[in-house]
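# An overview of the molecular structure
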Amino acid sequence: MPFSELFDNEFKQRNRGHFSAIVRVAFADGKISPEEQDFLDKIASTLQISEDEYKEILADPWKHPINPPYLYTQRLERLYDLARMVHVDHHLGDQQEVMLTRMGLALGFTPGNVNYIVRKALSLVDKKVDLDTFLFEMENMNK
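In the nomenclature of an unreviewed UniProt entry, the chain corresponds to Fructose 1,6-bisphosphatase from the organism Flavobacterium johnsoniae.

### A short note on the environment of V23
Along the chain, V23 falls in helix α1 (residues 3-26). Aside from chain neighbours lying at most four places away, what touches V23 is L40, I57, L58 and P61.

### Considering the UniProt feature "domain: Co-chaperone DjlA N-terminal" (unreviewed entry) in the chain
Per the UniProt record, "domain: Co-chaperone DjlA N-terminal" (unreviewed entry) is annotated on residues 20-57. With 71% helix and 0% strand, residues 20-57 has end C-alpha atoms that lie 6 Å from one another.

### Some details on the packing of helix α4 (residues 72-87) against helix α7 (residues 131-139)
Two elements in contact, α4 and α7, have axes separated by 10 Å at closest approach and are oriented at 120 degrees. By the angle between their directions, the pair α4 and α7 is classed as oblique. Seen from above, α4 lies across α7 with right-handed handedness. Between α4, through Y72, T73, L76, E77, L79 and Y80, and α7, the contact on the second element is made entirely by L131, F134, L135, M138 and E139. Taken together, the residues of the contact of α4 with α7 sort by class into eight nonpolar, one polar and two charged.

### Observations regarding unusual backbone geometry
With a phi close to 55 degrees, Q48 is a non-glycine residue in the positive phi region. Checked against the element boundaries, Q48 lands in the loop between α2 (34-46) and α3 (51-59). Here the phi dihedral of K128 falls at roughly 60 degrees; this positive angle occurs in a residue that is not glycine. Looking at the element boundaries, K128 is found in the loop between α6 (114-126) and α7. On the accessibility criterion, K128 (60% relative accessible area) is exposed.

### Let's talk about the packing of aromatic side chains
A full pass over the atoms with the stated rule returns three aromatic pairs. Ring centres of Y72 and F109 lie 6.0 Å apart, and the angle between their planes is 80 degrees; on these two criteria the pair is classed as edge-to-face. One end of the pair, Y72, is in helix α4; the other, F109, is in the loop between α5 (94-106) and α6, with 37 residues separating them in the sequence. With 4.9 Å between their ring centres and 50 degrees between their planes, Y80 and F134 make a pair best called tilted.

### Considering α7
All of the buried residues in α7 are F134, L135 and M138. Projected onto a plane normal to the axis of α7, the buried residues spread over an arc of 95 degrees and lie on a single side. With respect to the buried face of α7, the exposed residues turned more than 90 degrees away are D132 and F136. Buried residues belonging to α7 abut α4 and α6.

Basis of the calculations
- Residues numbered from 1 in each chain as written.
- Predicted model: local features only at pLDDT ≥ 70, side-chain atom pairs only at ≥ 80, totals over all residues.
- Heavy atoms only, no water.
- Helix = DSSP H or I, 4+ residues; strand = E, 2+ residues; numbered from the N terminus.
- Contact = heavy atoms within 4.5 Å.
- UniProt positions renumbered as here; feature names shortened; annotations may be inferred.
- Axes fitted to C-alpha atoms, helices over the stretch in contact; angles between N-to-C directions.
- Parallel < 35°, antiparallel > 145°, perpendicular 65-115°, else oblique.
- Left-handed = near helix turned anticlockwise from the far one by under 90°.
- Nonpolar A, V, L, I, M, F, W, Y, C, P; charged D, E, K, R; others polar.
- Buried < 20%, exposed > 50% of the residue type's maximum accessible area, 1.4 Å probe, protein only.
- Phe/Tyr/Trp six-rings, centres within 6.5 Å; stacked < 30°, edge-to-face > 60°.
- Arc of directions from axis to C-beta.

Next comes the structure, spelled out in structure tokens:
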């Protein structure tokens, strides 16, 4: 197997894990709303998830492991996607916030600061900030 294929497979596996995490959050309230479905379609396309993989992940999103990114900025980008998914229906239930906290832990945020990070992320998403603003605010929240 050529080295390039090995890298490509790892990239695809990471994207499937990320998409699976987003689907888990979408299912937190037991159903997927039309807005969430549109967002999932968009994210699947962005992450290059095939139609077969899409169906497989929707059928069992817990089958794929969540592979936390190494870089802090990449973790924040994934948190941004997840926070937008949770907030898409403009009504946060306790279960959704708990799920986002679990996803934050799975992404590699520490138990000591994950609640603070999740609250800050949700407040920024509530303000409808773009990704660049989100990253800047999250990276500079303690300054």
